[in-house]
Each structure stands twice: as structure tokens, then as C-alpha cells.
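Spelled out from the first residue to the last, the chains are:
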Amino acid sequence: MQMLDVPLVSVCIPCHNAENTISKTLDSILAQTYKNIEIIVSDNQSTDKTKEIVLLYADRGVRLVDNPPVVEGDGRVFGAFDNWDYVLSQGRGDFLCLYHADDLYDPEIIEKETNFLLDHRDSGAVVTQWRLIDENDHVIQLRKASRPFDFKQNKEFSFSELFDLTLRYQHFLNTPTLMIRKDVLLEIGPFNEEISISAADLDYFLRISLQFKLGIVNEELHFYRLSASHATANIHRRRTKVADYFIVMEHYINLIGHENISTAALNAHEVYLCKDRIRCAFYLMWRGERRQALTMAQQGLEWNNLRTIQGWKICLPGVMVYVALMTGLDSIVGCFLNWRFGKNK
């Protein structure tokens, strides 16, 4: 097949202070079996040597752009999603990839995602499966992640299928492997940070699937890096507010209507919400915010969840937090945690 017979794919990489990983990411993209690509890196006001490193790849076709500073009144919110929108807007290809600056990519990921979209005309976008790696690129042997399907081939999902599975298993789509058609991108619009600060990607997938099918290449073609400085890890570390994921899901539950969603899926969602509230109650107790911790623990202890063994397992930590708060043991627990792990801020 000649180069002109295949679509141009724009590999869009937003970055911020990625000097330790950007070279490895770019090397993995430049090693792709699919050759009709352009690579754009959008820097989001890095203060390290990220830009200097990216410029070293200019003679290999890597284009560096700067995400423009936010101007008061322009409607933009400075942050990761704003940079994601900008770098995607710079792509000239028929298909656009949103890849991360600290991850590694299998040499065949672009070829296989492109072939999926060519073979599945109803799919507006596609993602792949992933494996976890540490800061030294070693695969992390964690307990296998819960995934909502067991199939031996690629698959495309309608909105109803995708939403039901997300309620049952939470957000399972692998954002740093997104490949989207250019015309779909223009129709869907930008990421919506007004609905969520940290889960705008989930909202984006759901918006896509309201109008188009969403595909998954069932192969682990992405190596997702976990590190102490990872943005997602920083957002969720010792969190005291319910995760933005639930804000997005509640928005779509109200949009669709409870009567149009299976009881099993809604029950699973409620269990996850209770579990998250109990987690927040624990960290509020640790911070010494007793009143807020007690309220959050009470919200997390939904007695309907105690009808199952799984519900008891989830609610038991909440019972312990509640008892500690009611008996005054929370101060002792807080002192121990501060001694063992450092003061919770």
C-alpha cells in the first residue's frame, strides 16, 4: 500500500514538565509500523527542559507548539484539558491521537487503531487496552484490573452498552490511547471542564458515544506509567471530596432517567459512591475535620448495601470511622497516622 492510500494520523502529545519521560515517549512513537504520521507536542508552560528536549527531535519531524496563555475573559481554564484541546486543534490528519508524554506505546498501536477505524465506519473513536509500568519502565505486576468484558476480539460499543458497563465497573476506557476521527472531533467539541475538573475525559467519551459507536482494540498496546508525580495520582491522593467521576455519572443518569437504566447497574453505582464517601470520611477524620468526616461517613453507610457480603466489606471501614468519631478515638488514630505517614495536608 502506498503512503497516499492511507490516512494521515496526527499524534498529539500534550505535556508539562516532562523532561524525564518525553524522549522515551517520542522514541516509541517514531518506531511505529504505521508511517504516515505527524507528531505534535504542545507544551503547557513547562519550567524544566521539556521544550529543549523536544526541539532535538525537530529534524525527525516532531513539531513543538506552545499552548497559549489563558487570557482573562476568554472562557478558557488553564490546565491539562485546555492543553489537550489545543494540541488536538493543531493536528492536520484524518485521524487524531491523544497520547501522553510520560507513557510508552507499542510499535503497532497506530496501525491497529487506524485499521479499526477503517474497518468500523460507525465508530467515531477507538482506544486500546494497557499495562502498567513504573518509573524505570518495568511492568508492574499488580492484581489484574477489573474489566467489564471478556472477549477475544475487538469490539465497538453503543452508548447504552458503554454507560451500563461504566456504572457497573467505573471508568475503564484508556484515555491516553484515544484515536478520533477529525470530523467527529469537530462535531463533539472540546473537553468540558465545567462539568468536571478531573473526569472531563469520561464526559468526552460519553458525548462521543451518544452520536457514534466507540471501539476498543482488545490488545495491551500502551504502557501506562505510574509515578509519584503523575497528575492523576496527585489529584486522588488523600482526597476529601467525592470523585469527579460521580459528578459526570450523575449528570448522565439524570439525562437518561433512572427508569431507562438497569437496577443492577444503578445498585453497583451506589455501592461505588458509598465506598468513595467512606474513603473521603477517613481522610477528613485524619485532617481533624470531625463534623465533615461524620457527615461523609453517614452518607457512605447506606444500609441497603448491607444486604450483600460485598456491601458489608465496603461499609465496614465506614463503620470503623463512624465509631472512632463517635467515641473520640479519631484523635488517637490521627496522631498515629501522622506519626506513621506524615501530617495529612
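See the structure above.
Not measured: the values here are computed from a predicted model.

1. As for the packing of helix H9 (residues 244–256) against helix H10 (residues 263–286)
At a minimum axis separation of 11 Å, H9 and H10 run at an interaxial angle of 150°. By the angle between their directions, the pair H9 and H10 is classed as roughly antiparallel. At the point where H9 passes H10, the crossing takes the left-handed sense. Contacts between H9 and H10 pair Tyr-245, Phe-246, Met-249, Glu-250 and Ile-253 from the former with Leu-266, His-269, Glu-270, Tyr-272, Leu-273 and Asp-276 from the latter. The residue makeup of the contact of H9 with H10, split by class, is 7 nonpolar, 1 polar and 3 charged.

2. Remarks on the pattern of salt bridges
One side chain can pair with another of opposite charge once the charged atoms of both are near each other. Tallying each qualifying case throughout the model produces 13 salt bridges. In this structure, Glu-38 and Arg-92 form a salt bridge, with 3.0 Å as the shortest nitrogen-oxygen distance. Of this pair, Glu-38 sits in strand S2 (residues 37–43) while Arg-92 sits in the loop between helix H3 (80–89) and strand S4 (95–98), placing them 54 residues apart in sequence. On the basis of relative accessibility, which here comes to 9%, the residue Glu-38 falls in the buried class. Salt-bridge contacts for Lys-51 lead to Asp-66; the nearest nitrogen and oxygen are separated by 3.0 Å. Placement of the pair is Lys-51 in helix H2 (residues 50–55) and Asp-66 in strand S3 (residues 62–66), with a sequence separation of 15 residues. Judged by relative accessible area, which is 40%, Asp-66 ranks as partly exposed.

3. Let's talk about helix H5 (residues 159–169)
Since one α-helical turn is 3.6 residues long, residues separated by three or four positions face the same way. Those residues of H5 lying buried are Phe-159, Leu-162, Phe-163, Asp-164, Leu-165, Thr-166 and Leu-167. Where H5 is buried, its residues contact strand S7 (155–157), helix H7 (200–211), strand S9 (213–225), H9 and H10. Just downstream of H5, Gln-170 is the residue with a positive phi angle, here 70°.

4. Some remarks on the nonpolar core
Grouped together as the largest cluster of nonpolar side chains are 45 residues, with contacts concentrated most on Phe-163, Leu-173, Leu-178, Ile-180, Phe-191, Tyr-204 and Leu-206. In contact with Tyr-204, other than residues within four places in its own chain, are Leu-178, Ile-180, Leu-185, Ile-188, Gly-189, Pro-190 and Phe-191.

5. Here we look at the environment of Arg-279
Looking at the secondary structure, you find Arg-279 in helix H10. Taking the C-alpha atoms as reference points, Arg-279 and Val-242, separated by 37 residues in sequence, lie 8.8 Å from one another.

6. Observations concerning the packing of aromatic side chains
Tallied over the full model, the rule gives 12 aromatic pairs. Aromatic pair Tyr-99 and Tyr-105: ring centres 4.2 Å apart, planes at 15°, arrangement stacked. Judged by relative accessible area, which is 4%, Tyr-105 ranks as buried. Between Phe-282 and Tyr-283, the aromatic rings sit 5.3 Å apart at their centres with planes inclined by 75°, giving edge-to-face as the arrangement. Given a relative accessible area of 28%, Phe-282 falls into the partly exposed group. The class for Tyr-283 is buried, based on a relative accessible area of 17%. Each member of the aromatic cluster is reached from another via a ring pair, and the members are Phe-81, Trp-84, Phe-191 and Tyr-204.

How each quantity is defined
- Residues numbered from 1 in each chain as written.
- Predicted model: local features only at pLDDT ≥ 70, side-chain atom pairs only at ≥ 80, totals over all residues.
- Heavy atoms only, no water.
- Axes fitted to C-alpha atoms, helices over the stretch in contact; angles between N-to-C directions.
- Helix = DSSP H or I, 4+ residues; strand = E, 2+ residues; numbered from the N terminus.
- Parallel < 35°, antiparallel > 145°, perpendicular 65-115°, else oblique.
- Left-handed = near helix turned anticlockwise from the far one by under 90°.
- Contact = heavy atoms within 4.5 Å.
- Nonpolar A, V, L, I, M, F, W, Y, C, P; charged D, E, K, R; others polar.
- Salt bridge = Lys/Arg side-chain N within 4 Å of Asp/Glu carboxyl O.
- Buried < 20%, exposed > 50% of the residue type's maximum accessible area, 1.4 Å probe, protein only.
- Core = buried A, V, L, I, M, F, W, Y, C linked by side-chain atoms within 4.5 Å.
- Phe/Tyr/Trp six-rings, centres within 6.5 Å; stacked < 30°, edge-to-face > 60°.

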